[in-house]
Each structure stands twice: as C-alpha cells, then as structure tokens.
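Remarks on the overall topology
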There are 2 protein chains.
Amino acid sequence: MRLSVSFLKERMNNIEDKEKTAASSNVKWHHATVTRARREALNSHSSVCLWFTGLSGAGKSTLAHAVEERLHVMKCRTFVFDGDNVRHGLCSNLGFSMEDRSENIRRIGEMTKLFIEAGVISLTAFISPFRRDRQKVRDLLAPDNFVEVYCRCPLEVCETRDVKGMYRRARAGEIRDFTGISSPYEEPENPEILVDTSAMPLEACVDVIVDYLVDKGYVER
Amino acid sequence: MRLSVSFLKERMNNIEDKEKTAASSNVKWHHATVTRARREALNSHSSVCLWFTGLSGAGKSTLAHAVEERLHVMKCRTFVFDGDNVRHGLCSNLGFSMEDRSENIRRIGEMTKLFIEAGVISLTAFISPFRRDRQKVRDLLAPDNFVEVYCRCPLEVCETRDVKGMYRRARAGEIRDFTGISSPYEEPENPEILVDTSAMPLEACVDVIVDYLVDKGYVER
C-alpha cells in the first residue's frame, strides 16, 4: 500500500508514543513488530519498485543511478539492482536461456519485494524483454508498488552507442539470444512512465521520474 | 568495512557539501554514485549481518524480531529474513536436501550482501546447520560484516517447546532430514555472540546483542 508522506508523518508521532509504551513495559515480542509502515514512517517516504526496462544500451542503468542520486540527496533510502550486482551474485548460477532469464527475473522480483518491505526504493535495471516476466513481478507486488519505466530508444541508436561492443558481437553471431538482434524485446503496453532516452537529456529523464514520485506521494521534495 | 557512527557523522557534512556542488553543476552520473558509505551516513549507523543460527525451537526468529524492535526504536534501518519471507519467495523452488539447503543459504547470503550494501542491518534467522555454509556467507561478506549469533539451546528443551509439532513428526519418521533428529547440527566454533536461550530471558539476550553492536560502533544509543 502506498501512503502519502504527510500522512506518514502524522502517524509517526502515534507510533513513537506506542514504542515508548512498549519499551517501558518490558513486552516480549514473538512476532514481527517492525512493519513496512513503521519503516516508511521512519524514512519519511514510501517504498516502491521502479522497474526500468528497455534494450541494451537504452540507458537503463545510467538513468537508474541518476535517479538514485537525486533521491538520495532528498534523503530517500534507495538501491539499484543491475547486472553487476545480481548476475555475479544471487543469479550467478543462471545463464541466458529463456528459462534462466525467467528465473533471473523471478528472483529479482522476490528480492525486490523484500527490499520494498524493508522500506527501500528499489530501482531495477534489466532488459527484462518478456512482457510475461514483467507482469509476474507486477502481480507479485502490491498495487502501486510496481512502477514500470520504459526506456525507449531505437535499436539503431543503441547499436551505434554499443558501449560494450555487444551488438557488434551479436551481429557477428558470437552471442546467441541477444535481445533486439536474435531474441525479441516486447515493448511495455501501459508503462507508468515512458522516457525516450534518444531524444531527452539524462537530467530531463530524471525530472520526469522524480516528478512522478512526488506527484503520486511516494516521496516529498 | 565497519565505521563508527561518530566518524560517519563527521563525514556527513563533507558529503552534503559535495552533493550540493554536484546537484548545482548539472553533473551527469553514469555510474553508481550512491555508495554504502553515503547510505550509512544518512542512516547514522553502520550496516551489518546478524546471522542467527541454532536448532529449530531455539528462539532464533523470536530473538531476531526482538532485536529488530529494539534497533528500530533506536532509529536503525533493519530487516529480518526467516523461513516465512524467504522459503515462500526467493527460495520457493528449493527443498530440504543437503544440496538445496546449501543453495538456500547461498541465496540468502547473496541477498544479505545487497541489503548490507543498501545500509540495512540484516538479521537472518535460519537453522543453517552446516558450518561450511555459514563460513561461505562469512567469506562472501567483508570482515566485520558477519556477526554469528549462536542461539544455544539443548535439544531436549527445543523438543519440549515443539511449537509447530515438528519434532514429534520428525521422531515419528514423518519428516526426513530434520536437524537434531535425523540430520546433524554443527555448532559454531567461534561465534561472535553466544546466547543460551534456555537459561536467559528474551530481553537479556536482546541486551547482549545490542550491547555488542554499540560496543563495536555499529550503532549508537
């Protein structure tokens, strides 16, 4: 459930009063008493998943990190998941077959769910080419907890950028199942946010996303 | 790397100055600029993994939640991982064979690593019976990031508690590979913290753990 920051702040005082009572009466807790709502109250913002999707080279990771920077300065608790910290760790035993890609996205979705529960704004930057996999993550999370950010960028622009030389290798047949070349990318049909990274400067894209979070009451400026 | 809270607070001002400069000069970030150190500075505490281990019924989950309650009141960012939120989610496709148990602990370790990076004090409550698996998680994390909390409790006491009727079923042969009955529990050799949950009241155990975190400079009262 998403809560406006002002509402959270109002609740904070009530919660603090209860905490003092509980602490002083030597209550024995046997279950989870620290809830998402209490964590959000402590943080003064709501948690949510910003799910960046798009072709390799569309700027997902760059944009996610730039949004995180802006949110951190606004004192938000944030974390970016990308290939660097997931593919070498949690998903190190997965490859790039369709089955493994689905399991990869499933694990990321489950992990994101826990980060949201922990009160952290989670930014995920994965190609996540299949609509079905993205939908599964959306279904896993509560309504308003999944914000799909489609980083739209024409294939030819991504291919020209080709930062890691991956497109060249894919064209040469050296990489199998490469999204956009030898494996499909299914565009989001109704993403909450669409940014055209080939036409807009980075900071303008960041503005769009942060404005969305502020307008919807996830965070406060 | 563990940092004392006072050191973090000193650094906070420097970081804030840099943030203002960066924000105003319209810098374009292409890499992760929000680091663990900046998150810890924002939180005013260090992140760490408290790894609770012990027999079923030894009180790991109850203790982890009670410690979390205390830390939350101290305004720390926390999260408890246990069977409830991991076995049904991230590890829902794993069973209880020795191989699956190892993969279970591996995934929890990798996830914990990211939570620590995110600045969150992570409390894990799993039997984690094998020394080798716990050592792997310790090796995965930076020194001082893994605090092993051995919840020691005689098997007969755990069996008497038998909250979920699991020991009775294990004795009846209805559950295979049940730790303490038909599968070994390897005691920690040098845990950072040992609490005897059969002899000490819950709140006294919480005191031991919170005092440790304060003494070592992870958190501040």
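Below or above, wherever it landed, is the structure these notes cover. None of the values given here were measured: they were computed from a predicted structure. Residue positions are counted from 1 within each chain, in the order its sequence is given. As a convention, the first chain written is A and the first ligand written is 1, with the rest following in written order. Per-residue local features of the predicted model are confined to residues with pLDDT of at least 70, and side-chain atom pairs are confined, for both listing and counting, to 80 or more; whole-chain, interface and lining totals are unaffected and use all residues. Heavy atoms from the whole structure form the basis of all side-chain values; hydrogens and water molecules are not counted.

1. Structural notes on the interface of chain A and chain B
To keep things clear, this is the line we draw: What makes two residues a contact is simply this: any of their non-hydrogen atoms within 4.5 Å. Values labelled buried area give the accessible surface lost by two parts on being combined, using a 1.4 Å probe and summing over both. A side-chain nitrogen of Lys or Arg and a carboxyl oxygen of Asp or Glu constitute a salt bridge if their distance falls within 4 Å. Segments assigned H or I by DSSP are reported as helices when at least four residues long, segments assigned E as strands when at least two residues long, and all are numbered from the N terminus. Each residue gets one of three labels, nonpolar for Ala, Val, Leu, Ile, Met, Phe, Trp, Tyr, Cys and Pro, charged for Asp, Glu, Lys and Arg, and polar for the others, Gly among them.
Contacts between the two partners involve 46 residues from chain A, matched on the other side by 46 residues from chain B. Summing the contributions of chain A and of chain B, the shared interface buries around 4,300 Å²; its carbon and sulfur component is 60%. On inspection of chain A and its partner chain B, the count reaches four salt bridges. In this structure, the salt-bridge partner of R38(A) is E69(B), at a minimum N-O distance of 2.9 Å. Top element by residues in the side of chain A that touches chain B is helix α5 (residues 98–117) of chain A. It accounts for eight residues. Counted by class, the side of chain A that touches chain B contains 18 nonpolar, 13 polar and 15 charged residues.

2. So, the pattern of salt bridges
Which entries qualify depends on this criterion: The rule is simple: take the accessible area with a 1.4 Å probe, protein chains only, and divide by the maximum for that residue type; under 20% is buried, over 50% is exposed, in between is partly exposed.
What the rule picks out here adds up to 30 salt bridges over all chains. Note that R221(A) and D211(A) form a salt bridge whose closest N and O atoms lie 2.5 Å from each other. Remark: D211(A) occurs in helix α9 (residues 202–215) and R221(A) occurs in the segment after α9; sequence separation between them is 10 residues. For the salt bridge of D133(B) with R132(B), the shortest nitrogen-to-oxygen distance reads 3.8 Å. D133(B) sits in the buried class, given a relative accessible area of 4%. A single salt-bridge network, built from bridges that share partners, covers R134(A), R138(A), E148(A) and E192(A).

3. Remarks on helix α2 (residues 36–43) of chain B
Given 3.6 residues to a turn, an α-helix orients residues that are three or four positions apart in the same direction. All names here are of chain B. For α2, the tally of buried residues reaches seven of eight residues, placing the bulk of the element in the interior. Taken together, the buried positions of α2 are occupied by R36, R38, R39, E40, A41, L42 and N43. Of the residues trailing α2, S44 is marked for its positive phi of about 65 degrees.

4. Overview of the nonpolar core
Inclusion rule: Here, nonpolar core means buried Ala, Val, Leu, Ile, Met, Phe, Trp, Tyr and Cys residues that are tied together by side-chain atoms lying within 4.5 Å of each other.
Counting 40 residues, the largest nonpolar core has F115(A) and F115(B) as its most contacted members. Of all the elements in the fold, those that place two or more residues in this core are β1 (49–53), β2 (78–82) and α5 of chain A together with β1 (49–53), β2 (78–82) and α5 (98–117) of chain B.

5. What to know about the relation of the copies chain A and chain B
Here is the rule we go by: We superpose the copies by least squares over the C-alpha atoms of residues that have a pLDDT of at least 70 in both of them.
The transformation that overlays chain A on chain B combines an axial shift of 0.0 Å with a rotation of 180 degrees, and the residual RMSD is 0.0 Å. Considering both components of the superposition, the chain copies are consistent with a two-fold axis.

6. Some remarks on the packing of α5(A) against α5(B)
To keep things clear, this is the line we draw: In this analysis an axis means a line fitted to C-alpha atoms, helices contributing only their contacting stretch, and an angle means the value between N-to-C directions, from 0 to 180 degrees. Between 65 and 115 degrees an angle is taken as roughly perpendicular, under 35 as roughly parallel, over 145 as roughly antiparallel, and anywhere else as oblique. A clockwise turn of the near helix away from the far one marks a right-handed crossing, whereas an anticlockwise turn of less than a right angle marks a left-handed crossing.
Viewed as axis vectors pointing N to C, α5(A) and α5(B) meet at an angle of 55 degrees, and their least axial separation amounts to 12 Å. One finds that α5(A) runs oblique with respect to α5(B). Considering the relative orientation of α5(A) and α5(B), their crossing is right-handed. Between α5(A) and α5(B), the residues in contact are E103(A), R106(A), R107(A), M111(A), L114(A) and F115(A) and E103(B), R106(B), R107(B), M111(B), L114(B) and F115(B), respectively.

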